[in-house]
Amino acid sequence: MRLLKNLIKYSLLTVCSFSATAGCSSPVGSSRAASTRTIVFKHGKIFGDSGPLKTLLREFEVNNPGVSVLDEELPSSTDEQHQFYVINLQGESASFDVFALDVIWISEFARAGWLRNLSDSLPVAAREDFFSATIDAVTYREQIYALPWVIGAGLLYYRKDLLEKYGFAPPQSWTDVVAAASQITAKESNLHGFVWQGKQYEGLVCNSLEYLWTFGGKVIEDGHSVINSKENINALKMMRSMIYDFHITPEFVTTLTEEPSRRLFGAGRALFMRNWPYAWSLFEQTSSPVYNKVGVTTIPRGPAGESYATLGGWHLGVNKYSRSPELAQKLARFLTSAYAAKKLALGTGHEPTRRSLYKDPELLRKHPFKRKLKDIFEKARPRPVTPYYMMISQVMQREFSAAISRIKTPQHALVDAHDQIEHILAIEKQ
Ligand code: GLC
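Residues numbered from 1 in each chain as written. Predicted model: local features only at pLDDT ≥ 70, side-chain atom pairs only at ≥ 80, totals over all residues. Heavy atoms only, no water.

Scanning the protein chain from terminus to terminus reveals 18 helices and 14 strands. Relative to a compact globule of 430 residues, whose C-alpha radius of gyration would be 22 Å, the protein chain shows 22 Å and is just as compact. Here the C-alpha coordinates of the protein chain stretch approximately 65 × 55 × 45 Å along the principal axes. Long-range contacts, defined as pairs at least 24 residues apart, comprise 74% of the intrachain contacts of the protein chain with a sequence gap of at least 6. Counting every atom, the protein chain has about 18,500 Å² of accessible surface; 52% of that belongs to carbon and sulfur. When the 50 positive and 43 negative side-chain charges of the protein chain are each reduced to one mean point, those points stand 3 Å apart. (Helix = DSSP H or I, 4+ residues; strand = E, 2+ residues; numbered from the N terminus. Rg over C-alpha atoms; globule rule 2.2 N^0.38 Å. Contact = heavy atoms within 4.5 Å. Areas by Shrake-Rupley, 256 points an atom, 1.4 Å probe, with all protein chains shown as cover. Lys, Arg positive; Asp, Glu negative; His and termini not counted. Charge placed at Lys NZ, Arg CZ, Asp CG, Glu CD.)

Dropping the structure here:
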């Protein structure tokens, strides 16, 4: 085991020194050579303008003389990032100090002992301002292991110009989506009805849960799987029908992640799209082919009568193996401060985790859309908060994908998912 750990450490060191010389990381300031300490900040690819983040990091350097921050990007896929961190942290790598964690990994990483306890940076009184689901996600055994940074929830984007042209109101239910998309795509050439994230990865779970919940289904209740239900079968049937019965979703949806679907919609090639809030700021750019033609609303309702969006987001943790943990914590604190959150919200379209910023006049003037978001974030549903989430997700990714690609019937997929999830929950109880 020790030999394996050392081997991993060695190979990581080699990869890191290679990538540093290959230039995959960018020193933020120009004074790197003169500085005495370097903090590495790792996060997924930033869609949209990364300028405001770089400016903040530079500001941190100016306020902390002798410190330089290396800003390193990983691929955008959450699953790939997860894999990177698990391999590196298992190898006790100190090659990064502060990192952005998907909301679903925090309890897993905290339980593994890979995160520094940051409770002293978020005293109980200060937690009130944050969306409560976010605080739940960063808490493990009553201690805080990541500072809330960016929040997200599923949204339905629509082409308001096309809905108006054909006399449709923004859809409120899945059946409204089907009706408008079927009729409008029959008349508009080269237009897909509805695109979403259907590739076998975490994004598919986020999309599918919105169907499950709006159909009245659940995944886990009282520590047991309740995934194999009539409601969930109907939910998966609806997803499948979007593709093969109503023909409003292209079959290649099973290859789509966030960005490819956002690009299709952004090029004017789709009527509806399910995506996260980040897409909005990109459509708001005057150079966008859909500038001024896009509306956004809540996830459609299903037979259960309510709209449910999956809660997303990224929060900043400090690597337990960091050689500069205090400084790293200081950077995480700075990047999650109200000051930094506002700068990122104004310039990058990063949605703040602090409720008070949704009352900020300057922010609301620049992005009136944020007014709608606060309520959506308050109600967004978290994926199960458990150290075993990724194991459960792997099952859902596989089984939901099999159902929407017609490899299994929805019922067959859910029977299989149920058995595997029960097995994982039994391990959790041991
Ligand atoms: C977004 C969400 C994240 C989710 C991911 C799925 O990045 O913020 O929570 O896991 O999408 O692709």
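Anyway, onward from the coordinates.
Our focus in this paragraph is the environment of Leu204. Here Leu204 is to be found in helix α9 (residues 202-214). Sequence-wise, Leu204 and Leu89 are 115 residues apart; in three dimensions their C-alpha atoms are separated by 26 Å. Every residue in contact with Leu204, bar those within four places of it in the chain, is listed here: Trp196, Gln197, Gly198, Lys199, Met239, Gln397, Phe400, Ser401 and Ile404.

Around the ligand sit Thr78, Asp102, Val103, Tyr201, Glu202, Gly203, Glu258, Trp276, Gly312, Gly313, Trp314 and Arg383, and those are all the residues in its vicinity. Between the ligand and the protein, one listed contact pairs an oxygen atom with a side-chain N or O atom of Asp102 at 2.6 Å. In the model, an oxygen atom of the ligand is placed 3.1 Å from a nitrogen or oxygen of the Trp314 side chain. Protein chains shield 89% of the accessible area of the ligand, which is 310 Å² for the free molecule. (Near = heavy atom within 4 Å. Polar contact = N/O pair within 3.5 Å; in protein donor to acceptor, adjacent residues only side chain to side chain.)

The tally for this structure, following the rule as stated, stands at 17 salt bridges. Put simply, Glu351 and Lys370 hold a salt bridge, and the shortest N to O gap is 2.8 Å. Within this pair, whereas Glu351 is found in the loop between α14 (338-347) and α15 (361-366), its partner Lys370 is found in helix α16 (residues 370-379), the two being separated by 19 residues in sequence. On the basis of relative accessible area, Lys370 is assigned to the buried category, the value being 2%. Close ionic contact of Arg355 with Glu378 constitutes a salt bridge, the shortest N to O distance being 2.8 Å. Here Arg355 is found in the loop between α14 and α15, whereas its partner Glu378 is found in helix α16, with 23 residues between them in sequence. Members of the salt-bridge network, linked through shared partners, are Lys342, Asp360 and Glu362. (Salt bridge = Lys/Arg side-chain N within 4 Å of Asp/Glu carboxyl O. Buried < 20%, exposed > 50% of the residue type's maximum accessible area, 1.4 Å probe, protein only.)

All right, on to the sheet that holds strand β9 (residues 192-195) then. The strand order across the open sheet built from four strands is β9-β12-β8-β13, with neighbouring strands paired in mixed fashion. Edge strands, defined here as strands with exactly one partner in the open sheet, are β9 and β13 (294-297). In this sheet, neighbouring strand axes are inclined to one another by 15 degrees on average, regardless of whether the strands run parallel or antiparallel. Relative to β13, strand β8 (residues 155-159) runs antiparallel, the two being bridged by four bridges. Looking at the pairing, Tyr157 lines up with Val296 of β13. Along the sheet, helix α11 (residues 258-266) contacts β8, β9, β12 (270-275) and β13; its crossing angle with β12, the most-contacted strand, is approximately 150 degrees. (Pairing = 2+ DSSP bridges. Axes fitted to C-alpha atoms, helices over the stretch in contact; angles between N-to-C directions.)

Time to look at the packing of aromatic side chains. A full pass over the atoms with the stated rule returns 24 aromatic pairs. When the centroid spacing of 5.3 Å and the interplanar angle of 65 degrees are considered together, the rings of Tyr85 and Phe96 count as edge-to-face. Of this pair, Tyr85 sits in helix α3 (residues 78-90) while Phe96 is found in the loop between α3 and β4 (98-102), placing the two residues 11 residues apart along the sequence. A residue is classified by how much of its surface remains accessible, and Tyr85, at 0% relative accessible area, is buried. Ring centres of Trp105 and Phe109 lie 5.7 Å apart, and the angle between their planes is 25 degrees; this geometry places the pair in the stacked category. Like Trp105, the residue Phe109 is buried in the burial classification. The lysine or arginine in question, Arg274, covers the ring of Trp276, its NZ or CZ lying 4.3 Å from the ring centre. (Phe/Tyr/Trp six-rings, centres within 6.5 Å; stacked < 30°, edge-to-face > 60°. Lys NZ or Arg CZ within 6 Å of the ring centre and 35° of its normal.)

Helix length check: helix α18 (residues 410-429) (20 residues) gives 28 Å between terminal C-alpha atoms against 28 Å at 1.5 Å per residue, within 8%. Residues of α18 that are buried include every one of Pro410, Ala413, Leu414, Ala417, Ile421, Ile424 and Leu425, and no others. Relative to the axis of α18, the buried residues are bounded by an arc of 100 degrees and lie together on one face. On its buried face, α18 is in contact with β10 (220-221), β11 (224-225), α10 (230-244) and α17 (389-404). (Expected span 1.5 Å × (residues − 1). Arc of directions from axis to C-beta.)

We now examine unusual backbone geometry. The phi dihedral of Asn190 falls on the positive side, at around 65 degrees, and the residue is not glycine. Mapped onto the elements, Asn190 comes out in the loop between α8 (174-187) and β9. Judged by its relative accessible area of 58%, Asn190 is exposed. If you check the backbone angles, His247 has positive phi at about 55 degrees while not being a glycine. With respect to the secondary-structure elements, His247 resides in the loop between α10 and α11.

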